[in-house]
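The residues making up each chain are set out below.
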Amino acid sequence: MKKFGKKVLATVVASTMALGLAACGGASGSNDTSSNDTGSTDTAATSDSASSGDKIKVGIINNDPNESGYRTANDKDLKAMFCEANGYDASFSYSLKNDEQITAAQKYIQDGVDYLLLSAADTSGWDSVLKDAQDAGIQVILFDRTIDASEDLYAASIVSDMDKEGETAANWLKDQNLGEYKIIHLQGVMGSAAQQGRSGALDTLAKENGWTIVTQQTAEWNAEKAQQIVQSVIDSGESFNVIYAENDDMAKGAVEALDKANISHGVGKDVVVMGFDCNKWALEELKAGNWNYDGQCNPFQASYIDDVIKKLEKGETLSEKTIIMEEKGFDASTITQEDVDNYGI
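Below, the structure is looked at part by part. (Residues numbered from 1 in each chain as written. Predicted model: local features only at pLDDT ≥ 70, side-chain atom pairs only at ≥ 80, totals over all residues. Heavy atoms only, no water.)

Next up on the list: the pattern of salt bridges. Evaluation of the coordinates by the stated rule reveals 13 salt bridges. One salt bridge in this structure joins Arg-71 and Glu-67, with 3.3 Å as the shortest N-O distance. Each of the two residues, Arg-71 as well as Glu-67, counts as buried. The shortest N-O distance in the salt bridge between Lys-310 and Asp-306 comes to 2.7 Å. Taken together, the residues Lys-310 and Asp-306, both in helix 10 (residues 302-313) and four residues apart, mark about one turn of the helix. Lys-310 sits in the partly exposed class, given a relative accessible area of 42%. With a relative accessible area of 10%, Asp-306 lands in the buried category. (Salt bridge = Lys/Arg side-chain N within 4 Å of Asp/Glu carboxyl O. Buried < 20%, exposed > 50% of the residue type's maximum accessible area, 1.4 Å probe, protein only. Helix = DSSP H or I, 4+ residues; strand = E, 2+ residues; numbered from the N terminus.)

And the structure:
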């Protein structure tokens, strides 16, 4: 199969990377395990080049599937699509660290993949890798997250508008017209597109409206770390009335600290609770009135990526280089069971 001028490269397999079998609908190989929250990388490959035939060879670099319910759904969606039954020979690498992701990308370039699919841990530092891929005739497709790089260095970008997610949430908070705003801001992994978008909007409105940010710390998407941060604020005696958590897991951890201290939260209670991602369990908390707001982040990008690859394989010109996922925010006072069923992940 001719791949748009891709150079023939010798396959280099790094001995430090574990290989396993990834089948349709999920991983079936015993070595296809997710990384822990230290950001270590693990790779799973469907097959070697000798058995892949004319299948499209893709290297997929993602964040840790255990990072959140969103990421688990995102990884499952990708594995269901990029499997042998759908004509793909796919390898998967996971890390929450940019340098480890870059190492994985370099390996895939050396392996001679046809497409490199990337959800970057950090928005910066990717130019040299993308140029190497371009020189090798490898098409790069961004998913989930944007990066700071020239559009000439990648074929397409299927992403959420993280800035808009943050603006929608921050404007919702402003519209609550609280008598005062004393906010605990729990940030995601610093430097990621999700963190930057969700933090930026809150920072802007807080400055414009004189809101107090009681503490602003990264809990790295982790519930336990979020609980510890909120507990430390409670122990300090500092008053607060808003939890702005940049994902559902951190909101969950924050609520555990509130419950432990017998501090009421949710609709008509002492503390407003906000999260992102729309896990089904989080939307159920919203519907029960225990939380106040949850911002959607759509994890189902695989079909969009597949469509882009099919068009590129046919030599077609893409009508849109950047595809923005449709998303919304949910309010506890208006959410329905239908919303929970349709949008919960």
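Turning next to the pairing of strand 8 (residues 156-159). Burial of strand 8 is two-sided: the residues Ala-156 and Ile-158 facing one way and the residues Ser-157 and Val-159 facing the other way are all buried. Where strand 8 lies against strand 14 (residues 322-324), three bridges are found, and the strand directions are parallel. Of the residues in strand 14, the one forming a bridge with Val-159 is Ile-324. (Pairing = 2+ DSSP bridges.)

Burial analysis of strand 12 (residues 272-277) places six of its six residues in the buried class, the great majority of the element. Taking every second residue as pointing to the same face, both faces of strand 12 are buried, with Val-272, Met-274 and Phe-276 on one and Val-273, Gly-275 and Asp-277 on the other. In terms of strand pairing, strand 11 (residues 242-245) meets strand 12 through three bridges, oriented parallel. The residue of strand 12 that forms the bridge with Ile-243 is Val-273. Taken together, strand 11, helix 8 (residues 248-260) and strand 12 form a β-α-β motif whose crossover is right-handed. (Right-handed = clockwise from strand over helix to strand, strands pointing away.)

This part is about the nonpolar core. Residues Leu-186, Val-230, Phe-240, Ile-243 and Leu-258 are the most contacted members of the largest nonpolar core, which totals 35 residues. If you list the elements that add at least two residues to this core, you get strand 9 (182-187), helix 6 (193-209), helix 7 (223-236), strand 11, helix 8 and helix 9 (280-287). Broken down by element, this core gets its largest block of residues, six residues, from helix 8. What Leu-258 contacts, discounting residues up to four positions off in sequence, is Val-230, Ile-234, Phe-240, Ile-243, Ile-263, His-265, Val-271 and Val-273. With 25 residues, the next largest nonpolar core counts Phe-82, Ala-90, Ile-141 and Ile-305 among its residues. (Core = buried A, V, L, I, M, F, W, Y, C linked by side-chain atoms within 4.5 Å. Contact = heavy atoms within 4.5 Å.)

What follows is about the side chain of Asn-74. With respect to the helices, strands and loops of the structure, Asn-74 is situated in helix 2 (residues 69-81). For Asn-74, the side chain forms a polar contact with the main-chain oxygen of Pro-299, separated by 2.8 Å. When sequence neighbours within four positions are dropped, the list of residues in contact with Asn-74 reads Asn-62, Phe-143, Pro-299 and Gln-301. (Polar contact = N/O pair within 3.5 Å; in protein donor to acceptor, adjacent residues only side chain to side chain.)

As a further point, take the packing of aromatic side chains. Tallying each qualifying case throughout the model produces six aromatic pairs. Look at Phe-82 and Tyr-88: their rings are 4.7 Å apart centre to centre, the planes differ by 75 degrees, and that puts the pair in the edge-to-face class. Judged on exposure class, the residue Phe-82 and its partner Tyr-88 are both buried. Each ring, one from Tyr-181 and one from Trp-211, has its centre 4.3 Å from the other, and the planes form 15 degrees; the classification is stacked. (Phe/Tyr/Trp six-rings, centres within 6.5 Å; stacked < 30°, edge-to-face > 60°.)

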